[in-house]
Amino acid sequence: MTQAAPLSATARDPAPAIFAPRGGLLPRLIDWILRHPRMFVFLMVLPITLWLGIVYVGSLIALLIQSFFSIDEFSGLVVREFTLKTYGELLRPYNFDIILRTVLMASSVTVASAILAFPIAYFAARYARGRWKAVFYLGIMLPLWSSYLVKVYAWKLVLAKEGILTWLFAKLHLTWLLEAVLAVPVIGGNSLSVSYLGTFIVFTYIWLPYMILPVQASLERVPATLIEAAADLGATPRQNFRLVILPLALPGVVAGSIFTFSLTLGDYIIPQIIGSSRLFIGQAVYTQQGTAGNIPLAAAFTVVPIVIMGIYLWSARRMGAFDAL
Amino acid sequence: MHSDARAPLALRLAAFGGLIFLLAPIALIFVYAFTTEETSYQWPPPGLTTKWLAVTVGRPDVWQALGLSLKVAAISTTIALVLGTLAAAAVSRSRFFGRETISLLVILPIALPGIITGISLRSAFSLLEIPFSTWTIVLGHATFCIVIVYNNAVARFRRTSGALIDAAMDLGADGLQTFTLVILPNIGTALLAGGMLAFALSFDEVIVTTFTAGQQTTLPIWMLEELVRPRQRPVTNVVAMAVVLVTFLPILAAYYLTRDGEHTAGAEK
């Protein structure tokens, strides 16, 4: 009798050695899912689709819809009727200046970070080794991951009128230079911490690591033999840089510029803390939705960076920048 | 790309100059934390003191803000770990309808400026009449933490050979065993690194948080209030230094974890 039971079990299940019976509901469920790959993928993708689809895209669409509403000028209440009036308000000189100012700032920050990032990335990719490789890696990662507000705060210390930069210029007997720069209209001001120049420096500092990393990644993929071949074939270092290295690093620069450009477009904290009182898009959105209570105009303002970034991403994709991310 | 030649002098100057530009302002924080000057940002500091360390430790508002920040970061990271890993596994293992859409959807919260995430969540909360709570903050944070975990996990899944999983199943491991004994050890360090970075990101986030926090104060919001209207500069100096120290450790750890991950089993294939 004790021998008959396993025998009859074997008769029903022809290959017990291979398909070992599995106990427990969870392993069975997992096995079932694994045997249905489509179901498996569906189940894995479902949570993130629900989360991002409902929480993120859902609220994004709700916001966009509100940009087609308008605000009643007398009661201050939102009128829920389709209109393009709010978008028309963006073209008023005061609002349009805000957009222009922000785009200009984002472009100059992007150009400046590309110029500053290139030598760092190039050195780290091509020459740094061993200990120096680690120093460069941490030297880029530390400012990247340090607290955003602490970095802004550090620059408030640096740029303050009584701060280290003024002191440094005085020690070098260059106070006249600093004063000359501050005397320049528009970008200058009372001190660096209340000027456009200050805003520009801080933006460049904060987003610089976002430019270095993709540029470095794309430079690391350039084979050293390619550069040697170009040199062997008679290219001067300058030609080599311009005709071989730069074109191959360009997707990295474009990928980095997506970050520097987008992050500058939407930031409202840096210009609020360091800079003149003239507004940027982010600040306009913040005040319109907050103190002014004009959600439709705030929503219309947010559409501007979305459209700009849409065009930007589309052209970046055509340049193959996404492979360098 | 690697060269044994020595770098040109101009390049070396530019590279090291850039590194100093990146690190010097952070170093400055450490000096200011000990200054005796209370009302301005005077340099050089007139004197050094450790008095403000003790004062900061005794401040309940700082501790409360810190507690809320840690809580939000822990919950958001957990959500991001689950959602991000699942999506990464699906995207890197198989091709399916909507695969490109998923990868775009994940990138979107960081490709678009944070203020857009913030204001759309804020207006959604007011439309649905959801009151502000810890959970409204978490909702915003998890959304952009997902991408960090996802990126780390996708990179590791690509390097881990799919043959390993097939081999484990062929040798009789059930799905759960395959996951705990084969998949998890292979992606573990990538998840840990991604999780820590997501934690750091959430711990530090301010732009989205100002829209989703209502009257609650996370540590970054506390800092922001001090930045806009400086009231206790010495305490702010000390908090800033503490925050730098706290973020420095996960970065170091993540560096060593992902570096060792270069030698993933089956990656030679």
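Keep in mind the model is a prediction, meaning the values are calculated, not measured.

Trainee: I'd like a rundown of the overall build of chain A, residues and numbers included.
Mentor: A tally of helices and strands in chain A yields 15 helices and two strands. Each principal axis of the C-alpha atoms in chain A carries an extent, and together these give about 105 × 75 × 40 Å. Looking at chain A residue by residue over its 325 residues, the buried ones come to 48%. Of the roughly 16500 Å² of accessible surface on chain A, a fraction of 70% belongs to carbon and sulfur atoms. For chain A, the centre of its 23 positive side-chain charges and the centre of its 14 negative side-chain charges are spaced 8 Å apart.

Trainee: Talk me through the domain arrangement of chain A; I want residue IDs and the actual numbers.
Mentor: Partitioning chain A into domains gives domain 1 (26-66) and domain 2 (92-324). Each of domain 1 of chain A and domain 2 of chain A has a C-alpha centre, and these two points are 36 Å apart.

Trainee: Please give an account of unusual backbone geometry that cites residues and values.
Mentor: All names here are of chain A. Located in the positive-phi region is His173, a residue other than glycine, with phi close to 55°. Within the secondary structure, His173 is located in the loop between α8 (164-171) and α9 (175-183). We classify His173 as exposed; its relative accessible area is 65%.

Trainee: Lay out the environment of Ala160(A) in plain terms, naming residues and giving numbers.
Mentor: Summarising the element assignment, Ala160(A) is placed in the loop between α7 (148-159) and α8. Residue classification places Ala160(A) among the buried positions, given a relative accessible area of 6%. Measuring from C-alpha to C-alpha, the distance between Ala160(A) and Ser191(A) comes to 7.2 Å, with 31 residues separating the pair along the chain. Ala160(A) has contacts with Thr166(A), Ser193(A) and Tyr41(B), leaving out every residue within four places of it along the chain.

Trainee: How would you summarise the packing of aromatic side chains if you had to cite specific residues and measurements?
Mentor: Taken as a whole and assessed by the stated rule, the structure comprises 24 aromatic pairs over all chains. Grouping aromatic residues by their ring pairs yields a cluster made of Phe118(A), Tyr122(A), Phe123(A), Tyr127(A), Trp132(A), Phe136(A), Phe241(A) and Phe16(B). The positively charged end of Arg131(A) is found above the aromatic ring belonging to Trp132(A), 5.8 Å away from the centroid. Over the ring of Tyr41(B) we find Arg233(B), and its NZ or CZ is 4.4 Å from the ring centre.

Trainee: An account of the packing of helix α5 (residues 93-126) of chain A against helix α1 (residues 9-32) of chain B is requested, with residue identities and associated values reported.
Mentor: Packing of α5(A) against α1(B) leaves a shortest axis separation of 8 Å and a crossing angle of 110°. Classified by the angle between their axes, α5(A) and α1(B) sit roughly perpendicular to one another. Judged by residue contacts, Leu116(A), Pro119(A), Ile120(A), Tyr122(A) and Phe123(A) of α5(A) engage Leu11(B), Arg12(B), Ala14(B), Ala15(B), Phe16(B), Gly18(B), Leu19(B), Phe21(B) and Leu22(B) from α1(B). Of the residues belonging to the contact of α5(A) with α1(B), the class tally is 12 nonpolar, one polar and one charged.

Trainee: Could you give an account of the interface of chain A and chain B, with specific residues and numbers?
Mentor: The interface is formed by 88 residues belonging to chain A together with 91 residues belonging to chain B. Together, the buried faces of chain A and chain B total about 8500 Å²; carbon and sulfur atoms form 80% of this surface. Looking only at chain A, the three residues that lose the most surface to chain B are Tyr56(A), Trp145(A) and Tyr153(A), adding up to 10% of its buried area. Between chain A and chain B we count zero salt bridges in total. When residues in the side of chain A that touches chain B are grouped by element, the largest group, 17 residues, is from helix α3 (residues 37-66) of chain A. Here the side of chain A that touches chain B is built from residues that sort into 65 nonpolar, 14 polar and nine charged.

Trainee: I'd love a proper account of α1(B), names of residues and values included.
Mentor: Residues and elements named next belong to chain B. With 24 residues, α1 ought to run about 34 Å at 1.5 Å a step, and its terminal C-alpha atoms sit 34 Å apart, in line with that. The largest bend along α1 measures about 35° and falls at Ala24, with the proline Pro25 one to four residues further on. Residues of α1 that are buried: Leu11, Ala15, Gly18, Leu19, Leu22, Pro25, Ile26, Leu28, Ile29 and Tyr32.

Trainee: Can you break down the pattern of salt bridges residue by residue, with the values?
Mentor: All chains considered together, the criterion is met by three salt bridges over all chains. A salt bridge links Glu220(A) to Lys133(A), with the shortest nitrogen-to-oxygen separation between them at 3.2 Å. Taken together, the residues span a long stretch of sequence, with Glu220(A) in helix α10 (residues 196-220) and Lys133(A) in helix α6 (residues 130-145) at a distance of 87 residues. Overall, Glu220(A) belongs to the partly exposed group, its relative accessible area being 33%. Arg231(B) is the salt-bridge partner of Glu226(B), the closest N and O atoms lying 3.8 Å from each other.

Cut-offs used in this document
- Residues numbered from 1 in each chain as written.
- Chains lettered and ligands numbered in written order.
- Predicted model: local features only at pLDDT ≥ 70, side-chain atom pairs only at ≥ 80, totals over all residues.
- Heavy atoms only, no water.
- Helix = DSSP H or I, 4+ residues; strand = E, 2+ residues; numbered from the N terminus.
- Buried < 20%, exposed > 50% of the residue type's maximum accessible area, 1.4 Å probe, protein only.
- Areas by Shrake-Rupley, 256 points an atom, 1.4 Å probe, with all protein chains shown as cover.
- Lys, Arg positive; Asp, Glu negative; His and termini not counted.
- Charge placed at Lys NZ, Arg CZ, Asp CG, Glu CD.
- Domains from an automatic or database assignment.
- Contact = heavy atoms within 4.5 Å.
- Phe/Tyr/Trp six-rings, centres within 6.5 Å; stacked < 30°, edge-to-face > 60°.
- Lys NZ or Arg CZ within 6 Å of the ring centre and 35° of its normal.
- Axes fitted to C-alpha atoms, helices over the stretch in contact; angles between N-to-C directions.
- Parallel < 35°, antiparallel > 145°, perpendicular 65-115°, else oblique.
- Nonpolar A, V, L, I, M, F, W, Y, C, P; charged D, E, K, R; others polar.
- Buried area = accessible area lost by both parts, 1.4 Å probe.
- Salt bridge = Lys/Arg side-chain N within 4 Å of Asp/Glu carboxyl O.
- Expected span 1.5 Å × (residues − 1).
- Bend = angle between axes of the 7 residues up to and from the residue.

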